[in-house]
Structure formats: structure tokens, C-alpha cells
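Breakdown of the fold
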Amino acid sequence: MIINKIPDIDILFPDSNVGTISPSAYNNICWYPLVFRRFAQSKFGGEYRKFLIPSLSRHQYLGSIIHEPFEKRIHGLVPDKVTYFSMWSELTTKKEKEILELYPSLSFFDLTDYNKMYSSCLSAMNIKPIEICNQQHTGIHKCTEVRVFYEDLILGYIDKVTFIHGDSEIIDYKSGSILDNNNNIKETYINQLNLYAICYENTFNRKVVKLTIVHTDSLTEYDVPILRDDYISMIEQIKNKVSVINKHIRNNTIENIQILHEHCKYCEIRHLCKTYINSNLQDKKIVIGDVIECFNRGTLVLRNLYGKAISISKWTDQTNQSAQSALIGKRLAFTNVLQPVDGKYKKTDRTIVYELPKL
């Protein structure tokens, strides 16, 4: 079995800076994952993703897939349901293949969701196609996936822009839950769209007078408040945060920005975060240890970071004893495992295996 080998993270932090951030990063409490992804991407390109714990949530992947057929529908390139379904099938198949290639220890990955496909298709068919914006009059070469920026600090892509008497409306498509427990638009979305507005006005020198979230399943529209009085403070907060991060990068103290919080269990690099691994928040479905023994029935014995012996069964082809023996002494991380009995884990169809550097 092929195991993704994660390099020594220290080599990913040269004397550089974190670069631009996306508007969605504004609400991040811990920015360490952003730094890791930035430098891993600069060193390994698209291959950097194989070092991350991917989201195996069908909903999250489908939410990102929806944007492409919606964009093409807006420009009249998806005239009917048959075209939409064909594009949907092509995009989901491509994503499934991509995930399986990145994480070879996965047995399968299925994005089939007919309810989401039909509901999003019905919504898309209710969208009236528009003409591409006239660059001569607006300064904008298209109305979807509009690239916007603020200096060298923020870079983002707006789903759709429409025009209201010479001013602009920013529209963001979302497929998940828009409202919080108090039935208000989630703060993270309010901040994200306002940062889009800041960047849009900076990029095109056109005023934004309306911010809208559109739910892709129902085309329900949500008016997002414009927080123009907060724009200066929002930019200053980002500048200060980025300045602190860049200082830690230069001083090689980047781990000091790791902050534990309730969303750590969803973080893509939680298997690499010493702060998280050594905390009581550690995901019980993640097992990290040094391989000390292997058996011919596909079972490995590891000694975890606390010195306790644990076993992983059904993790590989039990006939390939030599491949298992070659793992002795290596530090492995198993994600998404079953723990039927304390200290005895089982591989599942969704288990991903990494080889970690011994630091």
C-alpha cells in the first residue's frame, strides 16, 4: 500500500511571508493551517494536498462543485437539465478520482447525491442567463468569478456581480446553512462578503450598495448588512495579524500561533499540530505511533507518543508481509479508524495513512 510521506515541516518556512489571504480567512482563530498550506503549496504545488486530512463530507465537496454549473448557467452555457446533469456527473466523477489518487489508502469515495443534484438543478434552471459584462462601460471583464484584491493583503473571487444604476451588488452562492442558532446570518458570512466589498471597491473603484447570499437549493436570497463603518478596522486587524505571522515565520517560532479551539477537530493539519496532539481535544479517530511489530494477518503494533502499545488491524494486504516489515521503525498517523476495544483499532474504508517525520 502506498503511504503519503509528510516531509519535515520546518523546511516549509523560509525567510518569507504568508502572502495574501482570502476573505474567508478573516474569522480564523488559528492561522497556522493557512501558513502550512501556503508554504507547502509553494514547495510542492498541487501535491501539497496529500499532506492534509481531507474533508470526507459529501456535502462540502458538492457545495464547491455547484459553483461551476451555476456560473455556466448564468452565461447561457447550460440550457437545460440534461446538460446540467451531464456536467454534474462529470464534475463529481473527476473529484472522486482526484481524492482517491491523493489518498491511496481510501477504499472508495462516493459523491452520489441525487437529492442535491436535482434540487440544485431546479434552482439553476430558474436562473435567467445574463450577458457578459461590457468591459468598456464597467471596467469588469465578466460578471462571475470576479477576481478582486486589496493591495498585497487580500485576494478573493466573487461568485457574481450585478449592476444597480451604476453601482454594484455582490452575490455569493452557498449550499450549506446560512443562519446561526438565533436565525441570523452567520457572522463569518457577513464578514466574508464585506471583505469582498472592500476588495471590489479597491479593485474597480465602483461602489457596492448591496450584498446578497443566495442558497443554491432554493434560490432564497439573504440580504447581508454592509458594515462600511468597520472597513478600516477590518483591514487593520488583518494587517496586524499578518504582521505577527510574518514575524513568527522569520523567527522560526511559527508554532506559537497555534491556538486550540472548538473547530480544531475539523482542521486539515490536526495530525501535524503538536499543540492539538498533546491536548485533551485530540480526535479519538486519529492514531499516531512508531511501528514496532507486524503480523501476517494485516495487523501492526505501534507505540504511541505516550509509550502505550496499540494495534491497527485490517489495514493492508495480509499476504504482503515484506511490505509490512518495511514499516517497522516508522512513525505513522492513521485517521478515521474504529476503536472497538481500548488500544485495538481497525482500519475502515475511510482510513487515511501518513508517514510522519520524527522530530
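Since the model is a prediction, treat every value here as computed from it, not as a measurement.

**Overview of the confidence of the model for the chain**
On average, residues of the chain score 87 in pLDDT, and 91% of them are at 70 or above. By mean pLDDT, helix H6 (residues 135-138) is the weakest element of the chain at 54, and strand S6 (residues 221-224) is the strongest at 97.

**Focus on the pattern of salt bridges**
Applying the stated criterion across every chain, the model contains twelve salt bridges. Lysine 50 is the salt-bridge partner of glutamate 47, the closest N and O atoms lying 3.2 Å from each other. Judged by relative accessible area, lysine 50 falls into the partly exposed class, the value being 23%. Members of the salt-bridge network, linked through shared partners, are Arg49, Lys95 and Glu98.

**Considering unusual backbone geometry**
For glutamate 151, which is not a glycine, the phi torsion comes out positive at approximately 50 degrees. Its location among the elements puts glutamate 151 in the loop between strand S2 (144-150) and strand S3 (154-164). Using a relative accessible area of 47% as the deciding quantity, one classes glutamate 151 as partly exposed. Phi angles above zero are rare outside glycine, and asparagine 252 is one such case at about 55 degrees.

**Overview of helix H5 (residues 114-125)**
Between its first and last C-alpha atoms H5 spans 16 Å; for twelve residues at 1.5 Å apiece the expected length is 16 Å, and the two agree. For H5, the complete set of buried residues consists of Lys116, Met117, Ser119, Ser120, Cys121, Ser123, Ala124 and Met125. Among the residues of H5, the N-terminal cap falls to aspartate 113, whose side-chain oxygen and the backbone nitrogen of asparagine 115 are separated by 3.3 Å.

**Things to note about the environment of threonine 220**
You can see threonine 220 is positioned in the loop between strand S5 (208-215) and S6. Residue classification places threonine 220 among the partly exposed positions, given a relative accessible area of 34%. Residues threonine 220 and serine 123 lie 97 residues apart in sequence; the distance between their C-alpha atoms is 9.6 Å. Once residues within four sequence positions are removed from consideration, threonine 220 is found in contact with Ile213, Val214 and His215. Only 2.6 Å separates the side chain of threonine 220 from the side chain of serine 218, close enough to count as a polar contact.

**Details of empty space enclosed by the protein**
For the structure shown, the criterion picks out one cavity of 30 Å³ or more. Its volume calculated, the largest cavity comes out at about 50 Å³. As for the largest cavity, its lining consists of His67, Phe70, Glu71, Ile74, Thr144, Glu145, Asp159 and Tyr173. Looking at the lining of the largest cavity, the elements with two or more residues in it are helix H3 (67-74) and S2.

**Some details on the pairing of strand S11 (residues 338-341)**
Regular strands show a simple pattern: their side chains alternate between the two faces of the sheet. With two bridges joining them, S11 and strand S12 (residues 344-346) adopt antiparallel strand pairing. Bridged to valine 341 within S12 is lysine 344. From the end of S11 to the start of S12, which pair antiparallel, there are two residues, and glycine 343 there has a positive phi angle of about 85 degrees.

**Description of the packing of helix H2 (residues 58-65) against helix H4 (residues 81-102)**
Between H2 and H4, whose axes approach to 11 Å, the crossing angle comes to 130 degrees. When the axes of H2 and H4 are compared, the pair comes out oblique. For the element pair H2 and H4, the recorded crossing hand is right-handed. Residue-level contacts link Tyr61, Leu62 and Ile65 of H2 to Trp88, Leu91, Thr92, Lys95 and Ile99 of H4.

**Focus: helix H7 (residues 187-204)**
Residues separated by three or four positions in an α-helix point in the same direction, a consequence of the helix having 3.6 residues per turn. Counted at 1.5 Å a residue, the expected span for H7 with its 18 residues is 26 Å, and the 26 Å between its end C-alpha atoms agrees. Within H7, 14 of the 18 residues are buried, which leaves it mostly tucked inside the rest of the structure. At the C-terminal side of H7, asparagine 205 shows a positive phi close to 55 degrees.

**Examining the environment of isoleucine 269**
Note on placement: isoleucine 269 falls in the loop between helix H8 (231-251) and helix H9 (274-277). According to the relative accessible area criterion, isoleucine 269 is buried, its value standing at 1%. Each C-alpha atom of the pair isoleucine 269 and valine 146 lies 30 Å from the other, and the pair is 123 residues apart in sequence.

**Digging into the sheet that holds S6**
As summarised here, the arrangement of the five strands in space is S2-S3-S4-S5-S6, forming an open sheet in which the pairing is mixed. At either end of the open sheet lies a strand with only one pairing partner, and these are S2 and S6. Ignoring strand direction, the axes of neighbouring strands in this sheet form an average angle of 45 degrees. One ladder, built from six bridges, connects S2 with S3; its direction is antiparallel. The residue bridging valine 146 from the neighbouring strand is isoleucine 158, located in S3. Where H7 meets the sheet, it contacts S2, S3, strand S4 (167-174), S5 and S6, and its direction lies at approximately 80 degrees from that of S2.

Reading the values: rules and limits
- Residues numbered from 1 in each chain as written.
- Predicted model: local features only at pLDDT ≥ 70, side-chain atom pairs only at ≥ 80, totals over all residues.
- Heavy atoms only, no water.
- pLDDT = per-residue confidence, 0-100.
- Helix = DSSP H or I, 4+ residues; strand = E, 2+ residues; numbered from the N terminus.
- Salt bridge = Lys/Arg side-chain N within 4 Å of Asp/Glu carboxyl O.
- Buried < 20%, exposed > 50% of the residue type's maximum accessible area, 1.4 Å probe, protein only.
- Expected span 1.5 Å × (residues − 1).
- Polar contact = N/O pair within 3.5 Å; in protein donor to acceptor, adjacent residues only side chain to side chain.
- Contact = heavy atoms within 4.5 Å.
- 1 Å grid on protein atoms, 1.4 Å probe; cavity = no way out; pocket = protein on both sides within 12 Å on 5 of 7 lines; lining within 4 Å.
- Points joined across faces, edges and corners; volume = space filled by probe spheres on them.
- Pairing = 2+ DSSP bridges.
- Axes fitted to C-alpha atoms, helices over the stretch in contact; angles between N-to-C directions.
- Parallel < 35°, antiparallel > 145°, perpendicular 65-115°, else oblique.
- Left-handed = near helix turned anticlockwise from the far one by under 90°.

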